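Reading the structure
Chain by chain, the residues:
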Amino acid sequence: MKSVYLLFLFVGVLVGCSSSGNKQSSSEAAIVNAVDSISAVAAFNADSAYAFITAQCDFGPRVPGAEAHRLAGDYLAGKLRGYGAVVTEQRMELTTFDGTGIDARNIIGEFNPSASRRILLLAHWDCRPWADNDPKVENRKRPVPGANDGASGVGVLLEVARQMSLKQPSVGIDILFVDAEDWGDSGGGEETWALGTQYWTKNPHKLGYRPMFGILLDMVGAEDARFAREYFSMQYARGIVDEVWKIAQESGYGNYFSNEYGGAVTDDHVFVNRAGIPCIDIIDQNNSTGTGFFEEWHTISDTPAVISKESLDAVGQTLLNLIYSY
Ligand code: AHN
Ligand code: ZN
């Protein structure tokens, strides 16, 4: 954000000059417009977001059924409430592809609940029960710590929530923490993933819930994250991808928000789109790892050590700039 402040000062000088009678050049006008659209905005605090990630991981792996899962769920609901949200919790019994019955829990926080124009922001908060991509065979039945795969998106959204408690947005924002995303069958059917989201689309927290669009965050915290334009997001919600990527690039995060086309990811947003809500996925895709995702994906090494505050900042500041542009 320092660069935004510097830019603001710089534009102040420009505006000062142009008010003395000179016609503003189009490039000056472009800078003024860019700053106008971000100057009213809150400053995302990546240290805070990082602390929300370590707090989740400190409970232990948030695998449905585990004590850490219950405690972390209470923590997340309490945080949303503390930042002024109207909180709804959905409890559900689900059966996973391997026949396990789990008690799952979606947590929803409504900000500015009376606003009719709304944006949905979501991330999964559960951890995968097995690190089946771990290089060591003996680790593959252990749970994933889920610092990036899960906690990063949640941590960014909690910091967005904290910012909204300081400055009420004009638009309504609904933060949805979905459960049981990551109990899916690698190489199995797509419907084995995103069970909490599938439940929510069939049982929305509000009858006839219709936000303008949704944004899913998944694995947003790794160093040098690269958010390509994910395939299903482009299929279902191209205009939202364009809008978010434009704001990110104008905010100085073009290194993260790439114009490249990404692969197709079966993720929570697919089911939201099928329910008729246009929804994009901001997800780090990596061509060099073999899995398509960050190096430690579905390993026991997905710990806070993989998290980069710069990556959190790129995503969080982009979201705030979007929210306060409405
Ligand atoms: C598949 O691997 C099919 N989808 C990735 C969804 C996911 C898992 N996101 C996080 N963990
Ligand atoms: Zn996962």
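The structure contained in this document is the topic of the report that follows.

Reading the values: the criteria
Residues numbered from 1 in each chain as written. Chains lettered and ligands numbered in written order. Predicted model: local features only at pLDDT ≥ 70, side-chain atom pairs only at ≥ 80, totals over all residues. Heavy atoms only, no water. Near = heavy atom within 4 Å. Polar contact = N/O pair within 3.5 Å; in protein donor to acceptor, adjacent residues only side chain to side chain. Areas by Shrake-Rupley, 256 points an atom, 1.4 Å probe, with all protein chains shown as cover. Nonpolar A, V, L, I, M, F, W, Y, C, P; charged D, E, K, R; others polar. Donors = N, O, S within 2.8 Å, 3.2 Å for Na, K, Ca; no water. Helix = DSSP H or I, 4+ residues; strand = E, 2+ residues; numbered from the N terminus. Buried < 20%, exposed > 50% of the residue type's maximum accessible area, 1.4 Å probe, protein only. Contact = heavy atoms within 4.5 Å. Phe/Tyr/Trp six-rings, centres within 6.5 Å; stacked < 30°, edge-to-face > 60°. Lys NZ or Arg CZ within 6 Å of the ring centre and 35° of its normal.

Side note on the site of ligand 1
Taken together, the residues surrounding ligand 1 are H124, D149, E181, D182, W193, D218, M219, V265, T266, W297 and H298. Contact between ligand 1 and D182: a nitrogen atom at 3.1 Å from a side-chain N or O atom of the residue. The backbone of T266 places a nitrogen or oxygen atom 3.0 Å from a nitrogen atom of ligand 1. When ligand 1 sits alone it has 320 Å² of accessible area, and the protein chains cover 86% of it. Within the shell around ligand 1, the residues separate by chemical class into 4 nonpolar, 3 polar and 4 charged.

Comments concerning the coordination of the zinc ion (ligand 2)
Coordination of the zinc ion (ligand 2) by the protein is provided by D149 (OD), D182 (OD), D182 (OD) and H298 (NE2), with metal-donor distances spanning 1.9 to 2.5 Å. Within one chain, the residues serving as donors to the zinc ion (ligand 2) are arranged as D-x32-D-x115-H. Of the two residues, D149 sits in helix α5 (residues 147–166) while D182 sits in the loop between β4 (172–178) and α6 (195–202), which places them 33 residues apart along the sequence. Here D149 matches D182 in class, with each residue buried.

Some points on α6
If you check which residues of α6 are buried, you get L195, G196, T197, Q198 and W200. Packed against the buried residues of α6 are β1 (86–95), β2 (101–111), β3 (118–124), β4 and α8 (268–274).

Quick notes on the packing of aromatic side chains
All told, the structure shown has 10 aromatic pairs when counted by the stated rule. Where W245 meets F257, the ring centres are 5.0 Å apart and the plane angle is 85°; that geometry is what we call edge-to-face. Remark: F257 occurs in strand β7 (residues 257–261) and W245 occurs in helix α7 (residues 231–250); sequence separation between them is 12 residues. Here W245 and F257 have matching classes, each one buried. One aromatic cluster in this structure is built from F97, W130 and W183. Positioned above the aromatic ring of F271, the side-chain terminus of R274 is 5.4 Å from the ring centre. Geometry around Y50 places K309 over its ring, the cationic atom sitting 5.0 Å from the centre.

Nothing here speaks to function; it is all geometry.
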